[in-house]
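Structure at a glance
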Amino acid sequence: MIRLNLTATPEWLDLAPGLRLLVAPLTTALMVSARADPAIEAMPDTATTEELALAMAKAVARRAVLDWEGVGDDAGDIIPVTPQGIDALLEIWPVFEAFQTQYVARGLILDAEKNVSALSPTGPSAGATRIAPRAKQPARTAR
């Protein structure tokens, strides 16, 4: 079942101790816009999957990140959200992985969910409800 979030309000993601990002909802419009990002379109045909993944994550983050807590400059002074700051933040491996897992992957999970079977009302995944009543008499066997 797909659960719709009709409020479309931003939410905070805790990516690392002391680091939080306020992100916009991951919508189709946001993903389409990220795919059309000039940095994505400028990627050479020889770009590796890893290079494409990083470029896409940065494009998504530049559109999604509205605010952050726990990000500072070399002197330790808090800095505002900027596209350059978002790109630099995602160059930190644990931050990139957490962003991918907690934000981007949520959209991909929906794609994976459509490839599974529904729950069985009597099998090991018991949980589905029956849609037809039980037969009143046993079925006869063919002769």
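Looking now at the pattern of salt bridges. Under the defined criterion, the tally for this structure stands at five salt bridges. We note a salt bridge from Glu-69 to Arg-20, for which the minimum N-O separation is 3.0 Å. Of this pair, Glu-69 sits in strand S3 (residues 65-69) while Arg-20 is found in strand S2 (residues 19-23), placing the two residues 49 residues apart along the sequence. For Arg-62, the salt bridge identified is with Asp-37, shortest N-O distance 3.0 Å. Highlighted residues: Arg-62 in helix H3 (residues 49-64) and Asp-37 in the loop between helix H1 (28-35) and helix H2 (38-41), separated in sequence by 25 residues. The exposure class of Asp-37 is buried, given its relative accessible area of 6%. Through salt bridges with shared partners, a single network forms among Asp-37, Arg-62, Arg-63 and Asp-87.

What follows covers the packing of H1 against H3. Taken N-terminus to C-terminus, the directions of H1 and H3 make an angle of 130°; their axes are 9 Å apart at the nearest point. The orientation of H1 with respect to H3, classified from their angle, is oblique. In the crossing of H1 with H3, the sense of the turn from one axis to the other is right-handed. Here Leu-30, Met-31, Ser-33, Ala-34 and Arg-35 of H1 come into contact with H3, specifically with Met-56, Ala-59, Val-60, Arg-63 and Ala-64. Residues of the contact of H1 with H3, tallied by class, amount to seven nonpolar, one polar and two charged.

Contact geometry for H3 and helix H4 (residues 83-90): axes closest at 9 Å, N-to-C directions at 140°. One element, H3, and the other, H4, form an angle in the oblique class. Judged by the twist between their axes, the crossing of H3 over H4 is right-handed. Across from Leu-54, Ala-57, Lys-58, Ala-61 and Arg-62 in H3, the residues of H4 making contact are Pro-83, Ile-86, Asp-87 and Leu-90. When the residues that make up the contact of H3 with H4 are grouped by side-chain class, the tally is six nonpolar, no polar and three charged.

The next subject is the sheet that holds strand S1 (residues 11-16). Taken in spatial order, the three strands make up an open sheet running S1-S2-S3, and their pairing is antiparallel. Strands at the two margins of the open sheet, each flanked by one partner only, are S1 and S3. The sheet shows a mean angle of 25° between the axes of neighbouring strands, direction not considered. Sheet analysis places S2 next to S3, joined by four bridges and oriented antiparallel. Bridging from a neighbouring strand, Leu-22 pairs with Asp-67 of S3. Those strands touched by H3 are S2 and S3, and its axis lies near 85° from that of S3. Packing against the sheet, H4 makes contact with S2 and S3, and its axis sits at approximately 65° to S3.

Quick look at the side chain of Lys-58 now. Take Lys-58: it is sitting in helix H3. Those residues in contact with Lys-58 that lie beyond four places of it in its chain are Asp-87, Leu-90 and Glu-91.

What counts as what
- Residues numbered from 1 in each chain as written.
- Predicted model: local features only at pLDDT ≥ 70, side-chain atom pairs only at ≥ 80, totals over all residues.
- Heavy atoms only, no water.
- Salt bridge = Lys/Arg side-chain N within 4 Å of Asp/Glu carboxyl O.
- Helix = DSSP H or I, 4+ residues; strand = E, 2+ residues; numbered from the N terminus.
- Buried < 20%, exposed > 50% of the residue type's maximum accessible area, 1.4 Å probe, protein only.
- Axes fitted to C-alpha atoms, helices over the stretch in contact; angles between N-to-C directions.
- Parallel < 35°, antiparallel > 145°, perpendicular 65-115°, else oblique.
- Left-handed = near helix turned anticlockwise from the far one by under 90°.
- Contact = heavy atoms within 4.5 Å.
- Nonpolar A, V, L, I, M, F, W, Y, C, P; charged D, E, K, R; others polar.
- Pairing = 2+ DSSP bridges.

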